[in-house]
Amino acid sequence: MQALQRIAVINGRPTIWGDAALALVRASRLLESIKEEVDGEGDAMVATCTVMRVGDLETVSRTFSVADAKTAGLWNKRGSSGQPTPWITHPKRMLQMRARAFALRDVFPDVMGGMYIAEEVVDDRDDAPRAAQIEPPTPDDPPPNGGAPADVDPPAPPADAKSEPEAEPATRPAAETAKVETVDPATGEITWEDPADAAADVDPPAPTEAKPTVDATEDPKSGLPACLDRSKGAAKKSDKPKPISLKDQAAWLDDCRAAAEGADSMVDLGVAQTRLLAPYRDRVPPQIVAQAEMFFDARMEALEREAEAENDKLDPEQWLRDLDGALAGCEAAEQLGDVKEKVLLPAKSQVPDAAWKDGVARYRAKLNSFMTNLDAG
């Protein structure tokens with residue numbers, strides 16, 4: 001299930017999402033460190049991804065800037081119908097994904113195995129081929145002598161017409177003198193006959209049982225015979241939503257990912273799910289829906305982790321008092337090691353930066369005091 005959720009086939013080529021690429025590299029245990037930053041604002045933004053492989057002596061950095069995005073035709077990019085893409089709604093995230101893709105592929109080619117990241121392939125994909133435009137048939141040139149087209153039936157006699165023959169007028173009306181085009185299937189010869197004469201020579205067809213016909217013509221969009229296209233034919237329910245095209249599916253998936261990543265709370269995430277997932281569940285293939293749900297599930301887990309981290313934070317003032325008490329109980333420099341490991345370092349991510357810097361300063365002051373006394377002795 002993880003493989004199905006991580007792989008996206010774009011333009012017939014399997015790719016993996018940017019978060020999945022980082023997960024593969026981390027799982028390989030070959031990643032020593034990774035640091036991702038987006039510096040600057042507006043047109044000066046630059047995303048940098050710095051990674052170091054286990055056993056290497058130097059880090060490797062790759063960047064992707066707004067200038068690079070403009071050169072590639074990505075900056076302020078819009079969809080085919082004018083809808084905003086993630087390059088408009090989440091430009092920093094897209095710059096980050098591009099820098100990450102370059103860094104991970106360059107440093108971990110054995111882990112990536114030549115797989116591209118979906119975010120960069122989606123940006124470069126070509127528009128889906130459009131169905132050939134079929135020109136409406138133009139009416140044929142009118143037959144000679146002012147005849148009617150072949151698909152016009154001669155006028156039927158009125159219901160109350162008398163059975164006794166009436167004298168023919170000297171000149172028939174134009175509608176009665178219309179000739180009908182007849183094509184010989186064997187020779188292809190075209191002849192024009194009077195409807196009345198043709199009806200007199202041809203016996204009425206005997207009623208036959210209607211047989212179902214199979215339409216084997218290929219649909220230009222799906223590439224399937226019409227008889228196999230479930231979106232057409234009498235079997236289609238009138239209340240069943242019409243599936244959307246592959247191009248619209250990709251755009252919808254991009255919108256789901258952008259909405260999920262942009263949700264700052266559980267409420268925003270729920271609103272985005274209701275707005276995007278519910279109306280399209282019956283119009284998008286299940287595997288595409290599963291990918292969209294993966295975006296929302298990942299964001300939900302991230303919000304839950306952020307909430308847990310917020311709850312685990314310490315009161316900075318109380319922590320500083322506890323640190324002072326622990327430092328006061330140290331009678332030798334060797335005892336400061338326990339204070340550092342048990343009180344100082346565990347609180348780095350649980351107190352504000354100002355309180356952390358204050359605590360480090362107090363620890364160093366206590367250490368310098370011991371060192372001064374040792375030198376004096």
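Per-chain numbering applies: the sequence of each chain, read as written, is numbered from 1 onward. pLDDT decides what is reported in this predicted model: residues at 70 or higher carry local features, side-chain atom pairs at 80 or more are listed and counted, and totals for whole chains, interfaces and linings draw on all residues regardless. In computing side-chain values, all of the structure's heavy atoms are included and hydrogens and water are not.

1. Comments concerning the overall build of the protein chain
- Helix and strand definitions follow DSSP, with helices as H or I runs of at least four residues and strands as E runs of at least two, each counted in order from the N terminus. For the protein chain, the helix and strand inventory stands at 14 helices and 7 strands.
- Burial status across the protein chain gives 27% buried among its 377 residues.
- Of the contacts made within the protein chain by residues no fewer than 6 positions apart, 56% connect residues no fewer than 24 positions apart. Only protein chains enter the accessibility calculation, which uses a 1.4 Å probe. A residue is then buried if its area is under 20% of the maximum for its type, exposed if over 50%, and partly exposed in between. Should any heavy atoms of two residues lie within 4.5 Å, those residues are considered in contact.

2. A look at the pairing of strand 4 (residues 46–53)
- The buried count for strand 4 comes to 7 of 8 residues, which makes it a mostly enclosed element.
- Two strands make a pair as long as DSSP finds a minimum of two bridges between them. The pairing of strand 3 (residues 31–39) with strand 4 spans 8 bridges and is antiparallel. For K35, the partnering residue across the bridge sits in strand 4 and is T50.
- Counting the residues between successive antiparallel strands, the hairpin from strand 3 to strand 4 contains 6 residues, one of them, G40, with a positive phi of roughly 85°.
- Two strands pair when backbone bridges link them, and strand 4 and strand 5 (residues 60–65) are joined in this way by 6 bridges, in the antiparallel orientation. Residue pairing across strands places V51 opposite V60, the latter belonging to strand 5.
- Remark: 6 residues form the turn of the hairpin made by strand 4 and strand 5, two consecutive strands paired antiparallel; G55 in that turn has positive phi of roughly 95°.

3. Here's the deal with the nonpolar core
- Note on terminology: a nonpolar core comprises buried Ala, Val, Leu, Ile, Met, Phe, Trp, Tyr and Cys residues joined through side-chain atoms within 4.5 Å. If you look at the biggest cluster of nonpolar residues, it comprises 26 residues, and the most contacted ones within it are V51, W87 and L95.
- Sorting the residues of this core by element identifies helix 2 (18–27), strand 4, helix 3 (66–71) and helix 5 (91–107) as the ones contributing at least two each.
- Counting residues per element, this core draws most heavily on helix 5, which supplies 7 residues.
- Listed in part, the 24 residues of the second largest apolar core include A8, V121, A259 and A292.

4. Notes on helix 5
- Between the first and last residue of a helix there are one fewer steps than residues, each counted as 1.5 Å, and that sum is the expected span. When the terminal C-alpha atoms of helix 5 are compared, their 25 Å separation across 17 residues agrees well with the 24 Å that a helix rising 1.5 Å per residue should span.
- Counted residue by residue, helix 5 has 12 buried out of 17 residues, so it is predominantly covered.
- Taken as a whole, helix 5 has its buried residues at M94, L95, Q96, M97, R98, A99, R100, A101, A103, L104, R105 and V107.

5. Thoughts on the side chain of R257
- Tracing the backbone through its elements, the reader meets R257 in helix 9 (residues 246–262).
- Pairing of N or O atoms within 3.5 Å defines a polar contact, subject to two protein rules: one partner must be a possible hydrogen donor and the other a possible acceptor, and residues neighboring in sequence count only if both atoms are side-chain atoms. Here D254 takes part through its side chain, which lies 3.1 Å from a polar atom of the side chain of R257.
- When near neighbours in sequence (up to four residues on either side) are disregarded, R257 contacts W17, E119 and F295.

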